[in-house]
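The chain contents come next:
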Amino acid sequence: MAAEDPFQHLHDEDYARPYLAGLVGAEAYVPIHGRPVFSLDGDWRLTLDLFDEGLRQKWFLLDETPPSQWSHPRDYEIEAGELVSVPSCWNVLKPEWTYFEGAAWYTRHVDWQRGPAGERSILNIGAANYSALVFVNGSYVGGHRGGSTPFSLDVTDNLRDGRNRLQIMVENRRSPNRVPMQHIDWFNYGGLYRDISLMRLPAVFIRQAQAMLLPGGREVRFSVVLSDASNTTAQVDIPELGLSLSVPIRNGKGEVTTPFAGQLWSPDAPRLYDVQFSCGADRISERIGFRTIEARGTDILLNGETIRLKGVCVHEDDLALGKVSTEADVRRRFHHVKELGGNFLRLSHYPHHEHVARIADEMGLLLWAEIPVYWAIAFDNPETYADAENQLRELIARDINRASVILWGVGNENADTDARLAFMSRLAQAARRTDPTRLVGAACLINRETFAIEDRLAEHLDVIGLNEYFGWYEPDFSGLDRLLANSNPGKPVIVSETGADALSGHRGAGRVLFTEDWQAEFYRQQVRRLAATPYVAGIAAWLLYDFRTERRQTGFQKGFNRKGLIAEDKTTRKLAFAVLAGLFAEWRT
Ligand code: GCU
């Protein structure tokens with residue numbers, strides 16, 4: 001047998017292919033649903049790997065012999081990696097890592113004791129941007145693509161009693177075929193930036209448990225999906241309602257419907273109930289609010305009452321933490337929205353952290369959640385579609401029981417082409433098939449030929465999102481007057497973006513761009529028109545905070561988008577904040 005050629009890897013450019021078959025998606029995802037977990041957050045070793053040397057040379061196979069005893073030279077040494085705390089984005093950890101776009105290897109050890117025969121050990125990763133490959137004790141377990149959704153890997157057969165080595169390669173390269181593609185108006189953070197944990201589950205466990213208030217608001221349907229095709233019985237309990245139900249399970253699935261006698265959830269009264277699902281040895285508990293949401297004519301109705309959605313868009317972006325979202329940051333964001341007199345947020349342009357919807361449930365806010373089908377996606381690429389639909393299904397699986405989430409957004413500002421129509425109408429159908437209880441929308445562009453709110457995708461949507469910037473990108477507001485008068489959308493329109501840049505502290509009279517004064521006047525002119533338009537069911541100002549983006553490099557911007565109502569310090573308010581609050585207060589349904 002030919003001796004191992006130490007240079008063989010230099011001639012193999014197909015080195016990534018062996019891992020593609022192991023990518024997992026929504027079908028493998030196991031929501032935590034309040035189960036106890038063993039956290040793997042904390043110290044990991046991080047080694048940057050710009051040229052994918054780790055896959056080429058199979059760093060994950062190396063043993064942990066001390067350097068003084070190496071028989072061959074190496075290019076990778078766990079202990080030489082930087083000690084970093086997970087979750088984090090490498091871009092904000094070291095100045096020289098700010099713009100790093102490539103692969104990076106996270107390594108840590110975990111002491112584990114396997115449980116009784118049949119017990120499953122599930123590794124849950126909250127999100128890794130953009131793709132991740134996971135290795136346990138030198139074996140490839142599986143991977144994931146999609147930078148903002150959770151994924152799970154069954155590592156039962158890879159973990160051993162005692163000390164185990166966990167290695168995760170994360171790679172954040174931008175690409176024309178990804179979702180989003182390589183041209184975006186936000187910062188391309190990279191890393192393991194949400195929680196990581198191990199979870200022990202019985203041999204048969206609950207993969208999905210949903211509690212859904214049916215239209216009309218008088219009946220609630222509980223549905224349970226198990227991890228296998230068992231015929232058994234599950235149990236649902238809501239102690240505060242004295243409700244205790246058996247759910248017959250056939251081929252691993254079952255549902256039961258019963259009258260709902262509780263208090264409805266709404267932003268003014270965000271009533272949550274402890275709902276416990278159990279089956280065999282597995283039990284989960286979720287705090288769930290019960291509400292209905294529907295589109296009727298050009299109105300959106302919450303619990304059968306017309307509602308106007310008044311709010312802002314937000315990115316996951318922080319001066320110190322990058323894309324890492326803390327509970328304190330989310331609560332601060334929601335308090336700012338409530339100070340605006342808002343009841344609504346658009347979580348642009350990708351799935352935000354799982355705790356965002358949980359806290360919104362608690363604080364009484366309504367959310368538009370979306371996947372990053374943003375701008376010029378490769379709409380003719382089947383792989384790109386599979387990635388987009390998987391991210392959508394993972395988002396829905398994760399947030400299915402969150403009352404605050406009222407709409408799934410399937411894209412943003414995409415040119416109206418045949419390929420885009422096929423791609424996004426298919427996503428809209430996938431959203432409805434996966435979750436018939438929520439609205440489906442997309443942030444659309446106006447039809448420039450007819451100068452109207454028209455988009456071939458609209459017939460596949462419950463709500464039309466409209467991004468318009470008359471008074472900013474288009475100098476005056478006459479275009480908005482023309483557009484609103486010209487349009488007859490026949491379904492609710494949410495202005496999913498409208499805004500103007502202002503550098504905090506920069507002042508001026510009249511239309512002086514990038515002044516706080518013009519940003520404030522922009523909103524006076526915009527909201528006066530939008531609030532007087534019956535088919536405008538909501539407004540999401542673009543946006544709450546200034547945020548990092550490499551596309552913006554004038555003296556006013558210096559790598560930031562300045563359309564925030566508050567500066568990037570998330571404290572300094574601009575004039576427009578109070579002006580918009582006043583306009584929202586005057587806007588009556
Ligand atoms: C677009 C886009 C946003 C972008 C905004 C802007 O509408 O959807 O992501 O940041 O405009 O130009 O500020």
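Residues numbered from 1 in each chain as written. Predicted model: local features only at pLDDT ≥ 70, side-chain atom pairs only at ≥ 80, totals over all residues. Heavy atoms only, no water.

### A look at the overall build of the protein
The cut-off we apply is this: For helices the rule is a DSSP run of H or I covering at least 4 residues; for strands it is a run of E covering at least 2, with both sets numbered from the N terminus onward. Just to be clear, the radius of gyration here is over C-alpha atoms, and the globule rule we use is 2.2 Å times residues to the power 0.38. Partly exposed residues are those whose accessible area sits between 20% and 50% of the maximum for their type, while under 20% is buried and over 50% is exposed, using a 1.4 Å probe and protein chains only. For the area figures, the Shrake-Rupley method with a 1.4 Å probe applies, and any residue is considered shielded solely by the protein chains shown. Counted charges follow a simple rule, with Lys and Arg positive, Asp and Glu negative, and His plus the chain ends left uncounted. A charge is said to be at NZ when it belongs to Lys, at CZ for Arg, at CG for Asp and at CD for Glu.
When helices and strands are counted, the protein shows nine helices and 32 strands. For 589 residues, the compact-globule estimate of 2.2 N^0.38 gives 25 Å, and the C-alpha radius of gyration of the protein, at 25 Å, lies within 12% of that figure. The C-alpha extent of the protein, read off along each of the three principal axes, is 80 × 60 × 45 Å. Here the protein holds 589 residues, and 60% of them are scored as buried. Within the structure as shown, the protein displays about 23000 Å² of accessible surface, and the carbon and sulfur contribution to it stands at 51%. Here the protein carries 65 positive and 78 negative side-chain charges, and the mean point of each set is 3 Å from the other.

### Details of helix α8 (residues 516–531)
To keep it simple, the criterion reads: By this rule the span expected of a helix is its residue count minus one, scaled by 1.5 Å.
End to end, α8 covers 22 Å across 16 residues, agreeing with the expected 22 Å (1.5 Å per residue, within 8%). Three or more residues of α8 are buried, namely E516, W518, Q519, A520, F522, Y523, Q525, Q526, V527, R529 and L530.

### Observations concerning the domain arrangement of the protein
What counts is decided by this rule: Segment limits for the domains were obtained from an automatic or database-derived domain assignment. Note on contacts: a residue pair is in contact if any heavy atoms of the two residues lie within 4.5 Å. The term buried area means the drop in 1.4 Å probe accessible area that two parts suffer when joined, counted for both and summed. Each salt bridge in this description consists of a side-chain nitrogen of Lys or Arg and a carboxyl oxygen of Asp or Glu lying within 4 Å of one another.
In terms of domain boundaries, the protein breaks down into domain 1 (8–201), domain 2 (206–291) and domain 3 (308–586). Computed from C-alpha atoms alone, the centre-to-centre distance between domain 2 and domain 3 is 32 Å. Each partner contributes to the interface: domain 2 provides 15 residues, whereas domain 3 provides 20 residues. Approximately 1200 Å² of surface area, both sides summed, lies buried where domain 2 meets domain 3, with 52% of it carried by carbon and sulfur atoms. It is W265, P267 and R291 in domain 2 that bury the most area against domain 3; as a group they hold 40% of the surface buried on that side. Inspection of the region where domain 2 meets domain 3 yields two salt bridges. We note a salt bridge from E286 to R358, for which the minimum N-O separation is 3.2 Å.

### Comments concerning the sheet that holds strand β14 (residues 219–226)
The line we're drawing: For two strands to be treated as a pair, DSSP must find no fewer than two bridges joining them. Lines fitted to C-alpha atoms define the axes here, with helix axes fitted over just the stretch in contact, and angles between the N-to-C directions of these axes take values from 0 to 180 degrees.
Strand order in the open sheet formed by three strands is β13-β14-β17, with antiparallel pairing between adjacent strands. Each edge of the open sheet is held by one strand with a lone partner, namely β13 (206–213) and β17 (253–259). Ignoring which end each strand starts from, the neighbouring axes of this sheet average 10° apart. Pairing of β14 with β17, which is carried by seven bridges, proceeds in the antiparallel orientation. Its bridge partner lying in β17, E219 is registered against P259.

### Structural notes on unusual backbone geometry
Of note, the amide linkage connecting S348 to H349 takes the cis form, showing an omega dihedral of -15°. Mapped onto the secondary structure, H349 falls in the loop between β24 (344–347) and α4 (354–363). The linkage connecting W542 with the following residue, L543, adopts the cis geometry, with an omega of 5°. One can find L543 in the loop between β30 (536–541) and β31 (547–548).

### Focus on the sheet that holds strand β3 (residues 82–86)
Reading across from one edge, β3-β2-β4-β10-β7-β8 is the order of the six strands in this open sheet, with antiparallel pairing throughout. Each edge of the open sheet carries a strand with a single partner, namely β3 and β8 (139–145). Across this sheet, the average inter-strand angle for adjacent strands is 30°, counted without regard to direction. As paired strands, strand β4 (residues 103–112) and strand β10 (residues 162–171) are joined by 10 bridges and run antiparallel to one another. Within β10, the position partnered with Y106 by the bridge is I168.

### Observations regarding the nonpolar core
Basically, it comes down to this: The nonpolar core is taken to be a set of buried Ala, Val, Leu, Ile, Met, Phe, Trp, Tyr and Cys residues, with the residues joined through side-chain atoms within 4.5 Å.
One finds I300, F334, L345, V373, F423, L427 and Y523 to be the most contacted residues of the largest nonpolar core, which totals 111 residues. Taken domain by domain, the makeup of this core includes at least three residues from each of domain 1 (8–201) and domain 3 (308–586). Those residues within four positions of Y523 in sequence are excluded, and the remaining contacts are T498, G499, A500, R528, A541, W542, L543, L565, A576, L580 and L583. Core analysis: the second largest hydrophobic core is formed by 30 residues, W44, V134, F151 and I196 among them.

### Quick word on the packing of α8 against helix α9 (residues 575–586)
Two measures define how a pair of helices packs: the angle their axes make with one another and the distance between the axes. What counts here: Reported orientations rely on four angle classes, namely roughly parallel under 35 degrees, roughly antiparallel over 145, roughly perpendicular from 65 to 115, and oblique for the rest. Crossing handedness is defined as follows: a turn of the near helix away from the far one that is anticlockwise and smaller than a right angle gives a left-handed crossing, while the clockwise case is right-handed. Each residue gets one of three labels, nonpolar for Ala, Val, Leu, Ile, Met, Phe, Trp, Tyr, Cys and Pro, charged for Asp, Glu, Lys and Arg, and polar for the others, Gly among them.
Direction vectors running N to C along α8 and α9 enclose 15°, while the axes themselves pass 8 Å from each other. Here α8 lies roughly parallel to α9, going by the angle between them. Between α8 and α9 the crossing geometry is right-handed. Residues E516, D517, Q519, A520, Y523, R524 and V527 of α8 touch α9, and the partners they reach there are L575, A576, V579, L580 and L583. Each residue belonging to the contact of α8 with α9 can be placed in one class, and the counts come to eight nonpolar, one polar and three charged.

### Observations regarding the pairing of β13
Taking burial as the measure, the eight residues of β13 include seven buried ones, the bulk of the element. As defined by bridge partners, β13 adjoins β14 across seven bridges and the pair is classed as antiparallel. Its bridge partner being in β14, L213 is matched across the sheet by V220.

### A word on the pattern of salt bridges
As enumerated under the stated definition, the model contains 56 salt bridges in all. D274 is the salt-bridge partner of R287, the closest N and O atoms lying 3.2 Å from each other. Here R287 is found in strand β19 (residues 282–288), whereas its partner D274 is found in strand β18 (residues 273–279), with 13 residues between them in sequence. A salt bridge links R562 to D546; the nearest nitrogen and oxygen atoms lie 3.2 Å apart. With R562 in the loop between β32 (560–561) and α9 and D546 in the loop between β30 and β31, this residue pair connects regions lying 16 residues apart in the sequence. The pair R562 / D546 is uniform in exposure class, with both members buried.

### A short note on the confidence of the model for the protein
Condition: Confidence of the predictor at the level of single residues is given by pLDDT, which spans 0 to 100.
When the pLDDT values of the protein are averaged, the result is 97; 99% of them are 70 or greater. Mean pLDDT across the elements of the protein ranges from a minimum in helix α1 (residues 17–20), with 94, to a maximum in strand β25 (residues 366–370), with 99.

### Considering the packing of aromatic side chains
Filter applied, for reference: Any two of the Phe, Tyr and Trp rings considered here, Trp counted by its six-membered ring, make a pair once their centres fall within 6.5 Å; the pair's planes then place it as stacked at under 30 degrees, edge-to-face at over 60, or tilted in between.
Scanning all chains against the criterion turns up 32 aromatic pairs. Ring centres of W472 and Y473 lie 6.4 Å apart, and the angle between their planes is 70°; this geometry places the pair in the edge-to-face category. Looking at W472, the relative accessible area reads 8%, which means it is buried. The class for Y473 is partly exposed, based on a relative accessible area of 46%.

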